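If you want the building blocks of each chain, they are given just below.
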Amino acid sequence: ENKHEERVQIPDRRQDETKAAMGSKTWGDLAGEMKMFLWNPEERTCLGRTAKSWGLILLFYFIFYTCLAGMFAFCIYVMLLTLSPYTPTYQDRVSPPGVMIRPYLNGFTIAFNVSQPSTWQPYVDSMHQFLAAYDDKVQEEKNIECISGRYFIQGGNESEEKKACQFKRSRLQKCSGIEDPTFGYSKGQPCILLKMNRIIGYRPGAGVPVSVDCKVQKGNESDLRSVDFYPGNGTFDLMYYPYYGKFTHVNYTSPLVAMHFTDVKKNYLVPIQCSLNGKGIINDLNSDRFLGRIIFTLNIGK
């Protein structure tokens, strides 16, 4: 038992001596030791390593990371060889397309008072800015006239520049901003433009033009009494499809359908749903409110 007690007491005594020795060091001693660790003139070491040791370890990491970067660059290069800059190898966005409206300023509520121009002028300015690319002169200079009612399929190499069909803003008639520069907003009869999202190679309608209709989403159907569509039949002409991508279809301008809301209930929130209709079109998917349809609200004050 006495021997066991001595064995227990000896380590404890050593720990106490170590603590006492450490406790007796001054800040100057610690600073000196740190200085010696940073640079030892006798052994000529820095942070415990000689110049040769530092050189070898830096050379190792240089070679290691150079090889790693080379392998990464090689993998990226091989991957890029499999991709085409003109047509996506894999398209996660499949038909049918989504749709969007103009003007689009602050969400999907278009609210203004007819008697207060400051409330509707931003919508008018947005429409003019958007339709600048559709000016008749611009379209005549950049694009060609196509045959209506059939797809404009262009062959040749995929890298060749493709021609685009003219879509003149004058086709939008009362919603062109030519006859009425306010697009009907000054009269409480606003125009809203609808366009389909671009999908490379997509041919909507399977040979039959896709049409547009609008109705009250929820509530009394009489809140929306009249809507006019331009062009006259309210369809997306087949001649604007297929789309070949921004690299080759450089002057392409998406076709539009203008919706002229000539008789909407005033001083009331009217939720409206405008949908695409045609073969292969899906417009009733609850998980995607932009697939084949769009929902927005009109609030027109007097």
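Per an unreviewed UniProt entry, the protein chain is named Sodium/potassium-transporting ATPase subunit beta, and its organism is Cuculus canorus. According to its UniProt record, the protein chain has this under Function (unreviewed entry): "This is the non-catalytic component of the active enzyme, which catalyzes the hydrolysis of ATP coupled with the exchange of Na(+) and K(+) ions across the plasma membrane." According to its UniProt record, the protein chain has this under Subcellular location (unreviewed entry): "Membrane".

Student: Give a detailed account of the pairing of strand β7 (residues 257–264), specifying residues and quantitative values.
Tutor: Counting buried positions along β7 yields seven of eight residues, so the element is predominantly enclosed. Relative to β7, strand β5 (residues 224–230) runs antiparallel, the two being bridged by six bridges. Note that in β7 the partner of leucine 224 across the bridge is valine 264.

Student: Residues and numbers for the UniProt feature "transmembrane region" (unreviewed entry) in the protein chain, please.
Tutor: Within this structure's numbering, the places UniProt gives as "transmembrane region" (unreviewed entry) are residues 54–80. The span residues 54–80 is 100% helix and 0% strand, and its two end C-alpha atoms sit 39 Å from each other.

Student: Mind laying out the nonpolar core, listing which residues take part and the relevant values?
Tutor: Grouped burial of nonpolar side chains is what soluble globular proteins tend to show. By size, the foremost hydrophobic cluster in this structure holds 58 residues, and its most contacted members are Met259, Phe261 and Phe296. Ranked by residue count, the leading element in this core is helix α4 (residues 117–131), at six residues. Not counting residues within four places of it along the chain, the set of residues in contact with phenylalanine 296 comprises Ile101, Phe108, Ile192, Phe261, Val270, Pro271, Ile272 and Cys274.

Student: Residue-level account of a nonpolar patch on the surface, with values.
Tutor: Among the surface-exposed residues, Met34, Phe37, Leu38, Trp39 and Leu47 lie close enough to one another that they form a single nonpolar patch of about 490 Å² accessible area. With respect to the helices and strands, the residue leucine 47 is situated in the loop between α2 (27–38) and α3 (51–81).

Student: Tell me what's going on with the pairing of strand β8 (residues 269–277), and back it up with residues and numbers.
Tutor: Of all nine residues in β8, seven are buried, a share of seventy percent or more. Both β8 and strand β9 (residues 293–301) contribute to a ladder of seven bridges, which runs antiparallel. Bridge pairing in β9 places serine 275 opposite arginine 293.

Student: Which residues make up the sheet that holds strand β4 (residues 210–216), and what are the values?
Tutor: Pairing is mixed across the open sheet formed by five strands, whose spatial order is β2-β9-β8-β4-β6. Each edge of the sheet is formed by a strand with only one pairing partner; in this case those strands are β2 (109–113) and β6 (235–236). Two strands pair when backbone bridges link them, and β4 and β6 are joined in this way by two bridges, in the antiparallel orientation. Bridge pairing links valine 210 to phenylalanine 236 in β6.

Student: Explain the pattern of salt bridges residue by residue, including any values.
Tutor: Inspection of every chain in the model, using the stated rule, returns three salt bridges. A salt bridge links arginine 225 to aspartate 263, with the nearest nitrogen and oxygen atoms 3.2 Å apart. Here aspartate 263 lies in strand β7 and arginine 225 lies in strand β5, a separation of 38 residues in the sequence. Judged by relative accessible area, aspartate 263 falls into the partly exposed class, the value being 27%.

Student: Mind laying out the state of the cysteines, listing which residues take part and the relevant values?
Tutor: As enumerated under the stated definition, the model contains three disulfides in all. Between the sulfur atoms of cysteine 175 and its disulfide mate cysteine 191 the distance is 2.0 Å. A torsion of -75° about the S-S bond marks the disulfide between cysteine 175 and cysteine 191 as left-handed. On the criterion of sequence distance, the pair formed by cysteine 175 in the loop between α5 (136–142) and β3 (191–196) and cysteine 191 in strand β3 is long-range, its members being 16 residues apart. Across the pair, exposure class does not vary: cysteine 175 and cysteine 191 are buried alike. Between cysteine 214 and cysteine 274 runs a disulfide, and the two sulfur atoms are separated by 2.0 Å.

Student: I'd like a description of the environment of valine 212, backed by residues and values.
Tutor: Within the secondary structure, valine 212 sits in strand β4. A relative accessible area of 8% means that valine 212 is categorised as buried. Sequence spacing of valine 212 and glycine 292 is 80 residues, and the spatial spacing of their C-alpha atoms is 9.7 Å. Filtering out sequence-adjacent residues up to four positions away, valine 212 remains in contact with Leu194, Phe229, Gly234, Phe236, Val257, Met259, Ser275, Leu276 and Asn277.

The rules we used
Residues numbered from 1 in each chain as written. Predicted model: local features only at pLDDT ≥ 70, side-chain atom pairs only at ≥ 80, totals over all residues. Heavy atoms only, no water. UniProt positions renumbered as here; feature names shortened; annotations may be inferred. Buried < 20%, exposed > 50% of the residue type's maximum accessible area, 1.4 Å probe, protein only. Helix = DSSP H or I, 4+ residues; strand = E, 2+ residues; numbered from the N terminus. Pairing = 2+ DSSP bridges. Core = buried A, V, L, I, M, F, W, Y, C linked by side-chain atoms within 4.5 Å. Contact = heavy atoms within 4.5 Å. Patch = residues over 30% accessible without salt bridge, like charges linked within 9 Å, V, L, I, M, F, W, Y side chains within 5 Å. Areas by Shrake-Rupley, 256 points an atom, 1.4 Å probe, with all protein chains shown as cover. Salt bridge = Lys/Arg side-chain N within 4 Å of Asp/Glu carboxyl O. Disulfide = S-S within 2.5 Å.

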